[in-house]
Amino acid sequence: MEKEILEQYNKVKDILSEEEFLAEMEEIRPNYNDLPFINDADIAADVVKNHIGASDISSSKNSAGENDDSSFEEVVMTDELFKKYEEVKEFLSQEEFLAKMNALKKENAEVSFMNEETFADQIIGEYIEKDNEIITDREEYSSDKIGLLEDGDKEKSFTGVVKIISNPKSFMTKNNKAGKVCNVEVEDNTGKIRVVLWTENIKHLKNISEGDIVHVGGVDIKDGYSGLEATMRPRSVFEKVVDADPADYPEYVEEITPIKDVEADTTVNVIARIVRIPPVRSYNKNGKDGKVASLELQDESGTISYTLWNKNVDLIESLDLNDGDTVKILQAQVRERNDEKSLSHWDGRIIKGDFDVPDFVHEVSKIGDLDDGDSDIAIIGVVTKIQDIRKFKRKSDGSDGQLRNFTIADDTNSIRVTLWGDAADMDINKGDIIKLIGGNVVYDEYADEGHSINTNFSTQITVNPKNLSEEDSLLFNSIKESLQPISIEQVLLIDDENVDVDVMGRIMSIGDIRTFERPSDGSVGHVRSASISDGSGIIQLSLWDDRTEIAMDVGDAFLFENARLRFTMDSYNLNIGSSSRVIKLNEQEAQFLPSFETLEKMIYEYREISDIDEYDENVYVVGRIYEVFDARELERDDGSKYLLRNIEIADNSLAARVSLWGDNAKRNFDEGEAIKIQNPRVDYYNDQLTLNVSGNSAIVKPSDEELLNLPSLEELKESIYVQKDIEAIEDEDVNVRLTGTLHDIMSERLVLKKCPHCGNTIGDVDIDGETTCEFCDEEFDEPRVTLMLPATLVDDTGEIGITFFDNLVEDLLEMSKDEIVDITDDDPGALDGKIEDLEDLTVEVIANVRFDEYNEARRLNPRKILQKYL
């Protein structure tokens, strides 16, 4: 065991035997195939981390002063660095040179293959251009023998024949800097070595191929995970030796093996045609995430799978590999499992070209010709419908899974396709042309066609394939043209329901999320109402379950795909369920929709409050809030709770009550705030005009133009709260302002306890636990409590009865309802003295007037106490 590995093993020798430690190194070694600068000591360190934890290692490193910014050692000007500085001394001072060195050292602290000499070379390269100067005092092309190179050698040069060139691989440093790396195996008569070319060196490979004789100069030698490695610097040399004698170097033989003749545990070169490229799959091994793709290759002798792992998967995109391409694959490793051979890509190379391989064309079926049981089919069609990804838990092991359905069509029919796992993440959109190779047709009672296509890990899905025939292009473009969203006006002309449509529009109103129980299975569902318009009309939406949680605001533009048309009570409704897609549009995408302000004027008619009639629809009003009441929680007949808040608004013409329901009741409104109410439900409650704001209504901010003629809050109060003497009030007066003194205050019924079900008074009984109402025979835990103080209000012109309730009683007594109830429960007369102190109290109130038919007299219902003083 080498010294560096032994040092790592000693950290876990109490946990693992030497054999177990080495076995784990071999098990995780494949994880580092994309990181050729990792050596055995690094792999051993990772085994240690798996057993004693990265945090322990980090702590031990920090205790030794490693991997800690506080222990960063600045660059010192050594004799070697001074020689390099002299090359740029006319451009930089020593201080500037060292500052640049320190900056590069900090920036690349995590890059193990870079050192102070590398940083110095980078700085020199900024100021001096050199044409691949070999940093050596030897004669040009003087070389060491590869077999004599040793770990730790610096600025070495050698010449040899190229045996293997890997495809360049991309990587990111820990500082999020992008780079590339490529490995080249070079061999002479004494040995072979891997040359590691980094981002700035890869350009040298432009005209280099396997079998060429190359000169490598100015490189450092170190032990790698598979032998000696030569790491290139920015100014190292890697060039073809054009006049070399091939007889002086090992012969390069590129033997091409027919697929049928490959043997397990060997390395082969093959030339083949790609006949299938399935989607990339992800996996997790030993806690590390990875990805894999298995291409299907074919030559005249047979077929075989060719597996790319991790970073090598990116070669599909970087080399623009497609089914039908011919490729030469060098140094593929042959593996055998369950008597089936396959190829794997590690350090070899894929070369895309025009190689002599028999053509292979998948027999593409028409969708209308498919039938249950057809397997390994190939079809091409246009995506006419697509659903969002659906997540689920597998019943077998509880693991997470996902699927996605979409429908494709050709000129004969359409069919639904199901993608599973990682394939569901593919970027597929409505209107894309899909080439599918390798699916199976299965019976599907939920599909309109009666069957659908199920895919698997070997299915190829190509989005917008190249080289379509002119006939196919014309056909598919005509199908795509028919997929544009239709106008709401067109939707309203459709005679049949259960039709799926695509519509685009702006949100005109959005309701609350309502919860319900499905009678079929007792499960809980959610539904939310909204309305949209595109200028051609307005239509209601019903959003179901998870679609109710999509953030929507009035005025937002959306595209709704696969919305199911339904008829309800002679009106049209679009159901937005699990198979529908809800896509929010930015203003660029929504440029063909009218603005919200334009839609508002097209759909709604402006009315002054005085012109509104009961049951008016599609109107809007603009008013200023002059009173805001607290939200109240109420109970429906089924026991469910809901919120109601009342506010009062007015314009130049009249005042009105606004009833806010559900989420609108939770909104904060301020006195003096101006609001615009669209499409309220209009009715009269106790002969007072009431504007109800619920799901089909919207409250938005008025425009500056709409605010011009709106009175100020002070002006509204002057016109609404009319000052009167008692003798001047009339039946049904509202919002009158009166000032008088209180007399004959009656405290006998200060606290009224009522049944929460029927509202009947239950009398002055102690409630302890569950009680049954003697009127409605319903049980309840707590009664509904109301505070009430009847009195007489007197001024110089007369007197009138007045009754204060709840919050006004709290205001008069300067106590909370809970305090009043608690005190009177213990002693019903405890507050009599405090109430007597209210005699002769002068109050200024806002009140409504009602006629008490029982006593044949007017009474005041006060709404607000403006002032009180003795």
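For the structure itself, consult the block above.
In short, a report on the structure. Computed from a predicted structure; not experimentally measured. (Residues numbered from 1 in each chain as written. Predicted model: local features only at pLDDT ≥ 70, side-chain atom pairs only at ≥ 80, totals over all residues. Heavy atoms only, no water.)

### Notes on the overall build of the protein chain
Scanning the protein chain from N- to C-terminus turns up 17 helices and 44 strands. Computed over its C-alpha atoms, the radius of gyration of the protein chain comes to 42 Å, more than 25% above the 29 Å expected for a compact globule of 870 residues. For the protein chain, the spread of C-alpha atoms along the principal axes amounts to about 130 × 75 × 60 Å. Contacts in the protein chain between residues far apart in sequence, at least 24 positions, make up 62% of those at least 6 positions apart. Of the charged side chains in the protein chain, 94 are positive and 190 negative; the average position of the first set lies 5 Å away from that of the second. (Helix = DSSP H or I, 4+ residues; strand = E, 2+ residues; numbered from the N terminus. Rg over C-alpha atoms; globule rule 2.2 N^0.38 Å. Contact = heavy atoms within 4.5 Å. Lys, Arg positive; Asp, Glu negative; His and termini not counted. Charge placed at Lys NZ, Arg CZ, Asp CG, Glu CD.)

### Some details on the packing of aromatic side chains
One pass over the structure, following the stated rule, counts 11 aromatic pairs. Consider the rings of Tyr 606 and Tyr 620, whose centres lie 5.4 Å apart with planes at 50°: the pair is tilted. Placement of the pair is Tyr 606 in strand 27 (residues 605-606) and Tyr 620 in strand 28 (residues 619-628), with a sequence separation of 14 residues. You can call Tyr 606 partly exposed: its relative accessible area is 40%. Between Tyr 626 and Tyr 721, the ring centres sit 5.8 Å apart and the planes meet at 80°, which makes this aromatic pair edge-to-face. With Tyr 626 in strand 28 and Tyr 721 in the loop between helix 14 (713-720) and strand 36 (722-723), this residue pair connects regions lying 95 residues apart in the sequence. Accessibility assignment for this pair places Tyr 626 and Tyr 721 in one class, buried. (Phe/Tyr/Trp six-rings, centres within 6.5 Å; stacked < 30°, edge-to-face > 60°. Buried < 20%, exposed > 50% of the residue type's maximum accessible area, 1.4 Å probe, protein only.)

### Let's talk about the pattern of salt bridges
Charged atoms that come close allow side chains of opposite charge to pair. According to the stated counting rule, one finds 50 salt bridges in the structure shown. Of the charged contacts in the structure, one is a salt bridge between Glu 187 and Lys 163, with a shortest N-O distance of 3.0 Å. Here Glu 187, found in strand 3 (residues 178-188), pairs with Lys 163, found in strand 1 (residues 156-165); they are 24 residues apart in sequence, far enough to count as distant. Lys 676 is the partner of Glu 600 in a salt bridge, and the nearest nitrogen-oxygen pair spans 2.7 Å. You can see Glu 600 sitting in helix 11 (residues 596-603) and its partner Lys 676 sitting in strand 32 (residues 674-678), a full 76 residues away along the chain. The same class applies to Glu 600 and to Lys 676, which are both buried. Through salt bridges with shared partners, one network takes in Glu 627, Glu 648, Arg 657, Glu 671, Lys 717, Arg 863 and Lys 864. (Salt bridge = Lys/Arg side-chain N within 4 Å of Asp/Glu carboxyl O.)

### Structural notes on the packing of helix 6 (residues 94-107) against helix 7 (residues 116-127)
At a minimum axis distance of 9 Å, the contact between helix 6 and helix 7 shows a crossing angle of 120°. The angle between the axes of helix 6 and helix 7 places the two elements in the oblique class. Both helix 6 and helix 7 take part in a crossing whose hand is right-handed. Residues Phe 97, Lys 100, Met 101, Leu 104 and Lys 105 of helix 6 touch helix 7, and the partners they reach there are Glu 116, Phe 119, Ala 120, Gln 122, Ile 123, Glu 126 and Tyr 127. (Axes fitted to C-alpha atoms, helices over the stretch in contact; angles between N-to-C directions. Parallel < 35°, antiparallel > 145°, perpendicular 65-115°, else oblique. Left-handed = near helix turned anticlockwise from the far one by under 90°.)

### A word on the state of the cysteines
Tallied over the entire structure, the rule returns 0 disulfides. Distance from the sulfur of Cys 776, which forms no disulfide, to the nearest cysteine sulfur (Cys 755) is 3.7 Å. Given the relative accessible area of 26%, Cys 776 is considered partly exposed. (Disulfide = S-S within 2.5 Å.)

On their own, these measurements won't tell you what the molecule is for.
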